[in-house]
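Structure at a glance
Next come the chains, spelled out residue by residue.
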Amino acid sequence: MITLRDVLEPAVERLRAAGSESARLDAELLLGHALGMDRTGVLAHPEAPVGDGQRDRFAALLERRAAGEPVAYIRGVKEFYGLAFAVDARALIPRPETETLVELALGRVRASLAAAPRPVGARPFRVLDVGTGSGAVVVALARTLGRAGYGDAVRFTASDRSTDALALAVENAVAHGVADRIDFRVADLLAPAVEVDGPVDLVVANLPYVPSADLPSLPIAAHFEPREALDGGSDGLDLVRGLMGELPRVLAPSGSALLEIGSDQVDAALAAAAAALPGWNATIHADLGGRPRVLDLGRVAS
Ligand SMILES: C[S@@+](CC[C@H](N)C(=O)[O-])C[C@H]1O[C@@H](n2cnc3c(N)ncnc32)[C@H](O)[C@@H]1O
């Protein structure tokens, strides 16, 4: 009888030889996927038998991983902000560092809604997620704020230039029960299509910010992701700059924008903000590891 342990060890070696830096974890996750169980099940039952069909399935998954495909695409799921998101080659795999953007946005919405009692009939607080990809950011926000009792007070728009990515975002919003609170729009940055009904209170965006010349040297897994989800132009900030230029048109007077950037782009992003938005506040927030990560923009209060 062939057991889980028998197939796992050679699989770890196979992935190590193929260059995976997380060979054991990858192999455990993929074995669980092939067997229809989670990783805990794999770890808890090393003596469980593995049938021929299951071995073949596992072997096929391993070969995809050995060729560099990310585990998240092979399994079709990635956890982000404690939620399971469907992922595939239509959109970027959400990264843990983007949870900082979600935390900051939640703080901004809560502070604004708690600052003053909202009169009956007041317009909802409007949040716009530009370049939503899989929908990870907007769905995490809508879920968390809905559970905190802010469901009716906040309306979301999620936009992307990619219709494929937007379709995935819709699927994730439906799966998490928040699709009725999000308007999905295909749009280039803040093209008129994203302007639904009046000014936006908070823009959040994790737009591509990898310099084009750096793309070939990204880890091989990133080569399976859409190029338009990563390529930020010559210095990586083309799209961030483009978005900044359009903010004055859509942001409410007291509104703000939280834009994820690379930790080595602080000086360039602040210089771009000073040029595009003279007289605005521009500050930087760090992630939990202390790395500068989010550019925070808003008009100076008069
Ligand atoms: C880095 S991915 C981020 C996806 C998602 N927000 C996340 O954090 O996982 C950037 C997204 O921006 C989209 N994008 C690229 N250029 C854009 C543009 N000019 N206008 C709108 N979206 C764009 C890409 O299609 C991609 O889905």
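Look up a bit, the structure's there.
Computed from a predicted model, the values in this text were never measured in an experiment.

Structural notes on the overall build of the protein chain
When helices and strands are counted, the protein chain shows 10 helices and nine strands. In terms of its C-alpha atoms, the protein chain occupies a principal-axis envelope of roughly 75 × 45 × 35 Å. The long-range fraction of contacts in the protein chain, counting pairs at least 24 apart against all pairs at least 6 apart in sequence, stands at 69%. With an accessible surface of roughly 13800 Å², the protein chain has 54% of that area assigned to carbon and sulfur atoms. For the protein chain, the separation between the mean place of its 30 positive charges and that of its 40 negative charges on side chains is 4 Å.

Quick look at the sheet that holds strand E3 (residues 125-130)
Pairing in this open sheet of seven strands is mixed, and the strands run E5-E4-E3-E6-E7-E9-E8 from one edge to the other. Two strands in the sheet have a free side with no partner beyond their single neighbour: strand E5 (182-186) and strand E8 (280-286). Within this sheet the neighbouring strands show an average axis-to-axis angle of 20°, counted without direction. Relative to strand E9 (residues 292-299), strand E7 (residues 251-260) is paired through five bridges, and the arrangement is antiparallel. Counted as the bridge partner of Ala257 is Leu297 from E9. Set on the sheet, helix H6 (residues 99-115) makes contact with E3, strand E4 (154-160), strand E6 (200-205), E7, E8 and E9; between it and E7 the angle comes to about 160°. Against the sheet, helix H7 (residues 136-150) contacts E3, E4, E5 and E6, and its axis sits at roughly 175° relative to E4.

Here's the deal with the packing of H6 against H7
Each packed pair of helices is defined by two parameters, the angle between the axes and the distance between the axes. Viewed as axis vectors pointing N to C, H6 and H7 meet at an angle of 40°, and their least axial separation amounts to 10 Å. Here the hand of the crossing between H6 and H7 comes out right-handed. On H7, the residues touching Leu101, Val102, Ala105, Leu106, Val109, Arg110 and Leu113 of H6 are Val137, Ala140, Leu141, Thr144, Leu145 and Tyr150. Its residues placed into classes, the contact of H6 with H7 shows 11 nonpolar, one polar and one charged.

Focus on the side chain of Ser20
Tracing the chain through its elements places Ser20 in the loop between helix H1 (4-17) and helix H2 (23-35). There is a polar contact of 3.3 Å between the side chain of Ser20 and the backbone nitrogen of Ala23. Look past the residues within four positions of Ser20 in its chain and what remains in contact with it is Leu15, Asp26 and Arg65.

Thoughts on helix H9 (residues 238-250)
End to end, H9 covers 19 Å across 13 residues, agreeing with the expected 18 Å (1.5 Å per residue, within 8%). Those residues of H9 that sit buried are Leu239, Val240, Leu243, Met244, Glu246, Leu247 and Val250.

Some words on unusual backbone geometry
Of all residues except glycine, most have a negative phi; of all peptide bonds, most are trans. Unusually for a residue other than glycine, Tyr81 sits at a positive phi of about 50°. Mapping Tyr81 onto the fold places it in the loop between strand E1 (77-80) and strand E2 (83-86). The exposure class of Tyr81 is partly exposed, given its relative accessible area of 21%. One non-glycine residue, Leu189, adopts positive backbone phi at about 45°. Secondary-structure assignment places Leu189 in the loop between E5 and E6.

Focus: the nonpolar core
Val127, Leu141, Val154, Phe156 and Ile182 are the most contacted members of the largest nonpolar core, which has 31 residues in total. Secondary-structure elements contributing two or more residues to this core are E2, H6, E3, H7, E4 and E6. Counting residues per element, this core draws most heavily on H7, which supplies eight residues. Other than its neighbours up to four places away in sequence, Phe156 contacts Arg126, Val127, Val138, Leu141, Ala142, Leu145, Arg181, Ile182 and Asp183. Judged by nonpolar contacts, the second largest core, of 29 residues, contains Leu128, Leu207, Val250 and Ala272.

Looking at the pattern of salt bridges
Summed over all chains, the structure comprises 20 salt bridges. The salt bridge involving Asp201 is made with Arg123; its shortest N-O contact spans 2.9 Å. Of the two residues, Asp201 is situated in strand E6 and Arg123 in the loop between H6 and E3; the sequence distance between them amounts to 78 residues. A relative accessible area of 37% places Arg123 in the partly exposed class. Among the salt bridges present, the one from Arg241 reaches Asp238, with a minimum N-O distance of 3.4 Å. Of this pair, Arg241 and Asp238 both sit in helix H9, three residues apart, which is roughly one turn of the helix. Arg241 sits in the partly exposed class, given a relative accessible area of 33%. Here the residues in one salt-bridge network are Asp88, Arg90 and Glu171, joined through shared partners.

Calculation criteria
- Residues numbered from 1 in each chain as written.
- Predicted model: local features only at pLDDT ≥ 70, side-chain atom pairs only at ≥ 80, totals over all residues.
- Heavy atoms only, no water.
- Helix = DSSP H or I, 4+ residues; strand = E, 2+ residues; numbered from the N terminus.
- Contact = heavy atoms within 4.5 Å.
- Areas by Shrake-Rupley, 256 points an atom, 1.4 Å probe, with all protein chains shown as cover.
- Lys, Arg positive; Asp, Glu negative; His and termini not counted.
- Charge placed at Lys NZ, Arg CZ, Asp CG, Glu CD.
- Pairing = 2+ DSSP bridges.
- Axes fitted to C-alpha atoms, helices over the stretch in contact; angles between N-to-C directions.
- Left-handed = near helix turned anticlockwise from the far one by under 90°.
- Nonpolar A, V, L, I, M, F, W, Y, C, P; charged D, E, K, R; others polar.
- Polar contact = N/O pair within 3.5 Å; in protein donor to acceptor, adjacent residues only side chain to side chain.
- Expected span 1.5 Å × (residues − 1).
- Buried < 20%, exposed > 50% of the residue type's maximum accessible area, 1.4 Å probe, protein only.
- Core = buried A, V, L, I, M, F, W, Y, C linked by side-chain atoms within 4.5 Å.
- Salt bridge = Lys/Arg side-chain N within 4 Å of Asp/Glu carboxyl O.

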